Structure formats: structure tokens, C-alpha cells
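So the chains spell out like this:
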Amino acid sequence: MKLLHIVGNRPQFMKLSTVLQAATRHGNIENIIVHSGQHYDENMSEVFFHELGIPSPQYNLEIGSASDGLQIGIALQKLVPVLSHEKPDCVVIYGDTNTTMAGAIAAKKMHDLCAHVESGMREYVNRAEELNRRVSDLCSDFLLCPLKSAADNLIKERIEEEKIFVTGDVTYDAYFTNSIIAEHSDILSRIEVEPDNYVLITLHRAETVDIREKLVEVVDALTALESSLVFPVHPRTKKRLVEFGLYER
């Protein structure tokens, strides 16, 4: 059996690491990895493949930064010949990104079976990720849900029940599988932070960082904290902090 995995951002790399570990326990599965290039910075991409022991992708579509529509269009254009050449038994897509939707549509158009990892998750709000989830679920043949509530969402949407599987959360699995990496990391000493005495910050949602007033409020709150702050800055966030005159703060 040949599985073709399509990934493109950090959460997908973590999910992929867990699925690959399970797949490699079955000697009759060939795994092909396609990296869309949606995340391309070394700290957003390569470091995950290195630290999580993920094999180098056989394909990198290099779609880079662009509008949602352009990213999906470029990914579709480049995925079709890959699927035509590889002829996978099943395409595996992950999460709710533009990469996910492009993979789902490409598989559907090429008449390939498609499995959606993290299927059925809903916010019921008008967001790009929600559209990606819904389209990906509609295009998929195997809907792999992390929670029963996710499966219930699909049933309410009249998805055929025989397509729905409650598998558990592979991100949760990744935490347990890869926690030994954190135990052996020297990151705290390298950045001179005491264990259990710091606040870790992640900040990259467009709804927050692209609006100056909201980002000012976040920066105000963070700079008021007395604890040490550890802030691995997303490229998008850094760009906005500089643009809005907040980076030095």
C-alpha cells in the first residue's frame, strides 16, 4: 500500500510524525511525503523534520507566502502531476490549512481515495480555516476524528457514517511520543531561563496580529508581566510588530 502524505505547516509536521511511526510498524506501507512549502522558514519547517525524525520529503511544492486563493491554486497546480505520477492508494491530509484543502481537492479530482486526519472539528464561525475543514471533509473518503464530538458534527452534516472513524488525537499522541526530546533539550540553559519560572508565548493569528489596536493590547499585557517571557516570534508576527512600531517594546 502506498500512502501519500501532504503537509505544509508546523502542526501538520507533528501529526505526520505520529502517523508515520504507526505506519512504519506495518512493513507493507510505502510512505510518500509531499511538503507544500506553506511554512518554509528553517525554524518553521526543517527543525521539525530533524528533531521529530521525519524523513525528508520526496516533493517540495514551494508555494511560499501568498493569499489564500493563490496558495491553494499553486498547490493544486503542482499536486496534480505528483498524484498522477505516484498513483497512491490513499492521500492523507492533516488539519485545516490551505495545504489541507488543496490536497483534498486534488485527490478528489484525481479520483484518489483521501483520508482527513483531524476531521470533523468545527468552530461554526466565518473563518478561512472553517472553510478548509468543511471542503476537506466533503472531499474525503475516510474522516478520522480526534473526538466523538467531531464525529457527531459530521453526522449532523449528513456525512455517511461508514466514512467516519473516531481515532483519537494524533497531536496528543505526538506529545507522549516525542516528550523525550524536550527532556533532553538544553534550550532553557541556552536562553538563560529558570525551569518553572517563565511564561511561554505564541502569537500569530491573523485576527490578532494584523490589527494594530489588538496587537497593542497584547503587547501592553505582556510587558506588564513580572515573569520572564519566552517568545519564539512567528515571522508574520515579527513583521507586524516592526510595521506597527512595537518590536522594540
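So, here's what we can say about the structure. It should be emphasised that the depicted structure is a prediction, and the values quoted were computed from it without experimental measurement. (Residues numbered from 1 in each chain as written. Predicted model: local features only at pLDDT ≥ 70, side-chain atom pairs only at ≥ 80, totals over all residues. Heavy atoms only, no water.)

Remarks on the pairing of strand β5 (residues 114-117)
Move 1: On β5, burial covers both faces: C114 and H116 on one face and A115 and V117 on the other are all buried.
Move 2: Taken together, strand β4 (residues 90-94), helix α4 (residues 98-109) and β5 form a β-α-β motif whose crossover is right-handed.
Move 3: Strand direction decides the pairing type here: β5 and strand β6 (residues 142-145), joined by three bridges, are parallel. Residue pairing in the sheet places A115 in a bridge with F142 of β6.
Move 4: Crossover connection from β5 via helix α5 (residues 128-139) to parallel β6: handedness right-handed. (Buried < 20%, exposed > 50% of the residue type's maximum accessible area, 1.4 Å probe, protein only. Helix = DSSP H or I, 4+ residues; strand = E, 2+ residues; numbered from the N terminus. Right-handed = clockwise from strand over helix to strand, strands pointing away. Pairing = 2+ DSSP bridges.)

As for α4
Move 1: For α4, built from 12 residues, the straight-helix expectation of 16 Å at 1.5 Å per residue is met to within 8% by its first-to-last C-alpha distance of 16 Å.
Move 2: Counting buried positions along α4 gives nine out of 12 residues, so the element sits mostly inside the fold.
Move 3: Within α4 the residues assigned to the buried category are N98, T99, T100, M101, A102, G103, A104, A106 and A107.
Move 4: Those residues of α4 that are buried are in contact with β1 (2-7), α1 (10-23), α3 (68-86), β4, β5 and α5.
Move 5: Where α4 begins, the side chain of T97 points an oxygen toward the backbone nitrogen of T99, at a separation of 3.2 Å. (Expected span 1.5 Å × (residues − 1). Contact = heavy atoms within 4.5 Å. Polar contact = N/O pair within 3.5 Å; in protein donor to acceptor, adjacent residues only side chain to side chain.)

Observations concerning the packing of aromatic side chains
Move 1: Scanning the entire structure with this criterion turns up four aromatic pairs.
Move 2: Ring plane angle 85° and centroid distance 4.9 Å describe the contact between Y172 and F176, whose orientation is recorded as edge-to-face. Of this pair, Y172 and F176 both sit in helix α7 (residues 170-183), four residues apart, which is roughly one turn of the helix.
Move 3: Judged by centre distance (5.0 Å) and plane angle (70°), the ring pair of Y175 and F176 falls under edge-to-face.
Move 4: Cluster of aromatic residues (ring-pair linked, three or more members): Y172, Y175 and F176. (Phe/Tyr/Trp six-rings, centres within 6.5 Å; stacked < 30°, edge-to-face > 60°.)

A word on the nonpolar core
Move 1: Core analysis: the biggest nonpolar cluster contains 20 residues, and L4, I6, V34, L61, L79, V91 and I93 have the highest contact counts within it.
Move 2: For this core, the elements supplying multiple residues, two or more each, are β1, β2 (30-35), α3, β4 and α4.
Move 3: Excluding residues that lie within four positions of it along the chain, L61 makes contacts with V34, H35, S36, A75, K78, L79 and V82.
Move 4: With 17 residues, the next largest nonpolar core counts L16, F49, I54 and V117 among its residues. (Core = buried A, V, L, I, M, F, W, Y, C linked by side-chain atoms within 4.5 Å.)

Observations concerning the packing of α3 against α4
Move 1: Put simply, α3 and α4 touch, their axes get as near as 8 Å, and they point 40° apart. In terms of their interaxial angle, α3 and α4 are classed as oblique. Of the two elements, α3 crosses α4, and the hand of that crossing is right-handed. The segment α3 lies against α4, with D68, Q71, I72, A75, L76, L79 and L83 engaging N98, M101, A102, G103, I105, A106 and A107.
Move 2: Residues that form the contact of α3 with α4 fall into these classes: 10 nonpolar, three polar and one charged. (Axes fitted to C-alpha atoms, helices over the stretch in contact; angles between N-to-C directions. Parallel < 35°, antiparallel > 145°, perpendicular 65-115°, else oblique. Left-handed = near helix turned anticlockwise from the far one by under 90°. Nonpolar A, V, L, I, M, F, W, Y, C, P; charged D, E, K, R; others polar.)

So, the pairing of β2
Move 1: Most of β2 is tucked away: five of the six residues are buried.
Move 2: The parallel pair β1 and β2, bridged by α1, forms a crossover whose chirality is right-handed.

A word on the sheet that holds β1
One key point about sheets: their strands pair by backbone hydrogen bonds, in either a parallel or an antiparallel sense.
Move 1: Strands sit in the order β3-β2-β1-β4-β5-β6-β7 across an open sheet of seven strands; the sheet is parallel. Taken across any chain shown, the strands that pair with only one partner, and hence form the sheet edges, are β3 (59-60) and β7 (164-166).
Move 2: For β1 and β4, the ladder comprises four bridges, and the chain directions are parallel. Opposite H5, over in β4, you have V92 as the bridge partner.
Move 3: Packed on one face of the sheet, α1 meets β1, β2 and β4 and runs near 165° to β1.

Quick word on the packing of α1 against α7
Move 1: Two elements in contact, α1 and α7, have axes whose closest approach is 8 Å; the angle formed by their N-to-C orientations is 75°. Comparing the axis directions of α1 and α7 gives the class roughly perpendicular. Contacts between α1 and α7 involve M14, K15, S17, T18, V19 and Q21 from the former and V170, T171, D173, A174, T177 and N178 from the latter.
Move 2: For the contact of α1 with α7, the class distribution of residues is four nonpolar, six polar and two charged.

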